[in-house]
Amino acid sequence: MNEFLRKKWEMAGLADDYIFNKVMLDYDICLEVLRRILPDLHIKKIKLPNNQQEFAVAPDAKAVRFDIYTTDEQGNHYDIEMQVADHHNIAKRIRYYQTASSMEAYDKGQPYEQADDSYVIFFCNFDPFQLGQQRYILHKHIDEIPEQIIEDGQTDILFNVPSLRHDVDPKMQAFLDMIAQRKVEATDPLVVKLKERIAVVKRNRKWRSEYMRRSVYEMDQEMREKKIREGERKVRDGKREIQKSKREIKEGQDRLKEKEQLIQEREQKLHENQQTIIKTSIVAMRELNIDETTIKKEIKEKFDLSDKEIKDYFTE
C-alpha cells in the first residue's frame, strides 16, 4: 500500500485535484490562469486564493467547499474546480456551486443590480456533456429566443481537458496541456511557474502525508460505496427475481386455468356426445321393436349408467 501511494504521489500532476489545489493556491499562478480563462475581464489583481472556503445556502442544506475561491478588484467571484471523475451529475453540481458562490455576491441591503458577478470554472478530466467541445460556456437564455442571453451575472465555464480540438487560444491551450501532461512550450512563463510550483508541492512533507491519508480515506470510502452499490444491486436483482417469480407463478396459474377450462369444455363435449349417442341408440332399438327392459339393460351396461341416469333418459 505504501509503495502504491508513493508512486501515486510521484506520478500525480495537475489532473490530480489535490495537486491542482495546492498549485493554484499560488497567487501569481491563480491570477494568470484566471487571466487566460477570462482575458476580456482584464483582471489586475485578486485576493489571496482560498482553498478552505465553505458555504451552505441554508443551515440545514448541503455545504460546499470550493477547491479554489477568490475575488478580483471589481468584486467578481471565482470558484475554480478540478473534476477528476465523471459522476454524471455535473450540471446539478455546477448549479449548487453557482448558487453558493452567488450568495456571496449579494450584500445585505444592496440593490439587486449592484450584485457582483460570479464565475464557476470546472476543469474536467472527461467531456462533461459528451458533445465533443473543448470548452463549454453556460448562460441562461430564453427558450423561445435561444440567442437572447440573460445577463444575470452568472457564468459557468467547463473545460474538457482531454480534448485535442485546440479551440481555445494558445495560452489557454498551454495550461490545458499542462493538466493533461501533454507536450508544452517550455518558455511559457506560466508553464515555468507551474513546474516550479509542482516541485515545491512534491517536496512538502506535510502535504505528502496529507495526500497519503486522503488517498487511503478515499480508497476506503470508494470501497464502502462499492459495497453499498453492490448491496443495492443485489437488492434490486432480488426484487427483479421476486417479480419475475411472481409473473411466472401467475402465468403458470393462468395456463393451469386455461387447461382446466379446456378439460371442462372437452368433458362437456364428451358428455353431450354421449347423450346424443345414447338417445340415438334408444331410438334405433325402439325402431327394431326391442322391448324397453332390454333396451334399458343394454344401454346401462354399455355406457355404465346408474339407475337414476337410465330413468332420466327414459322419462324425457
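Going by the annotation in an unreviewed UniProt entry, the name recorded for the chain is Rpn family recombination-promoting nuclease/putative transposase, with Limosilactobacillus reuteri given as the source organism.

Novice: Any chance you could explain the overall build of the chain here in plain terms?
Specialist: Of regular secondary structure, the chain possesses nine helices and nine strands. Rg of the C-alpha trace for the chain: 41 Å, well past the compact-globule value of 20 Å for 316 residues, more than 25% over. Summarising its shape, the C-alpha atoms of the chain cover approximately 130 × 55 × 45 Å along the three principal directions. Taking all 316 residues of the chain together, 34% fall into the buried category. Sequence separation of at least 24 residues holds for 59% of the intrachain contacts in the chain that already meet a minimum separation of 6. When the accessible surface of the chain is summed, it comes to about 21,100 Å², and 51% of that surface belongs to carbon and sulfur atoms. Within the chain, the 61 negative side-chain charges are centred at a point lying 6 Å from the centre of the 57 positive side-chain charges.

Novice: What am I meant to see in the sheet that holds strand S5 (residues 118-124) here?
Specialist: Adjacent strands of a sheet form backbone hydrogen bonds with each other and so pair up, either parallel or antiparallel. The sheet built from five strands is open, its strands ordered S3-S4-S5-S9-S6 with mixed pairing. Each edge of the sheet is formed by a strand with only one pairing partner; in this case those strands are strand S3 (68-71) and strand S6 (135-138). Taken pair by pair, the neighbouring strands of this sheet meet at an average axis angle of 15 degrees, ignoring direction. Pairing geometry for S3 and strand S4 (residues 77-83), over four bridges, is antiparallel. The residue bridging Thr71 from the neighbouring strand is His77, located in S4. Its contacts with the sheet put helix H2 (residues 17-24) on S3, S4 and S5, and the angle it makes with S4 is roughly 150 degrees. With respect to the sheet, helix H4 (residues 90-103) is in contact with S3, S4, S5 and strand S9 (154-160), its orientation differing from that of S5 by roughly 145 degrees.

Novice: How should I be thinking about the pattern of salt bridges in this particular structure?
Specialist: Summed over all chains, the structure comprises 16 salt bridges. For Arg6, the salt bridge goes to Glu3, with nearest N and O atoms at 2.4 Å. Linking Arg6 with Glu3, this pair stays in helix H1 (residues 2-11), spanning three residues, or about one helical turn. In this structure Glu3 comes out as partly exposed when scored by relative accessible area, which is 40%. Two residues, Asp237 and Arg240, come together in a salt bridge whose shortest N-O distance is 2.1 Å. Residue Asp237 and its partner Arg240 are both found in helix H7 (residues 205-287); the two are separated by three residues, about one turn of the helix. Judged by relative accessible area, Asp237 falls into the partly exposed class, the value being 22%.

Novice: Explain the side chain of Arg197 to me, please; I cannot follow it from the model alone.
Specialist: Checked against the element boundaries, Arg197 lands in helix H6 (residues 189-203). Salt bridges are absent for the buried Arg197, whose nearest opposite-charge side chain, Asp26, sits at 4.5 Å. Within the structure, Arg197 has its side chain in polar contact with the backbone oxygen of Lys22 (distance 2.7 Å).

Novice: Can you walk me through the packing of aromatic side chains in this structure?
Specialist: For the coordinates displayed, the defined rule picks out 10 aromatic pairs. Here Tyr18 and Tyr211 contribute two aromatic rings whose centre-to-centre distance is 5.4 Å and whose plane-to-plane angle is 65 degrees, an arrangement assigned as edge-to-face. You can see Tyr18 sitting in helix H2 and its partner Tyr211 sitting in helix H7, a full 193 residues away along the chain. Aromatic side chains Phe20 and Phe123 sit 5.8 Å apart centroid to centroid with 55 degrees between the ring planes, which places their arrangement in the tilted category. Of this pair, Phe20 sits in helix H2 while Phe123 sits in strand S5, and the two are 103 residues apart along the sequence. For Phe20, a relative accessible area of 0% corresponds to the buried category. Judged by its relative accessible area of 0%, Phe123 falls in the buried class.

What counts, and where the lines are drawn
- Residues numbered from 1 in each chain as written.
- Predicted model: local features only at pLDDT ≥ 70, side-chain atom pairs only at ≥ 80, totals over all residues.
- Heavy atoms only, no water.
- Helix = DSSP H or I, 4+ residues; strand = E, 2+ residues; numbered from the N terminus.
- Rg over C-alpha atoms; globule rule 2.2 N^0.38 Å.
- Buried < 20%, exposed > 50% of the residue type's maximum accessible area, 1.4 Å probe, protein only.
- Contact = heavy atoms within 4.5 Å.
- Areas by Shrake-Rupley, 256 points an atom, 1.4 Å probe, with all protein chains shown as cover.
- Lys, Arg positive; Asp, Glu negative; His and termini not counted.
- Charge placed at Lys NZ, Arg CZ, Asp CG, Glu CD.
- Pairing = 2+ DSSP bridges.
- Axes fitted to C-alpha atoms, helices over the stretch in contact; angles between N-to-C directions.
- Salt bridge = Lys/Arg side-chain N within 4 Å of Asp/Glu carboxyl O.
- Polar contact = N/O pair within 3.5 Å; in protein donor to acceptor, adjacent residues only side chain to side chain.
- Phe/Tyr/Trp six-rings, centres within 6.5 Å; stacked < 30°, edge-to-face > 60°.

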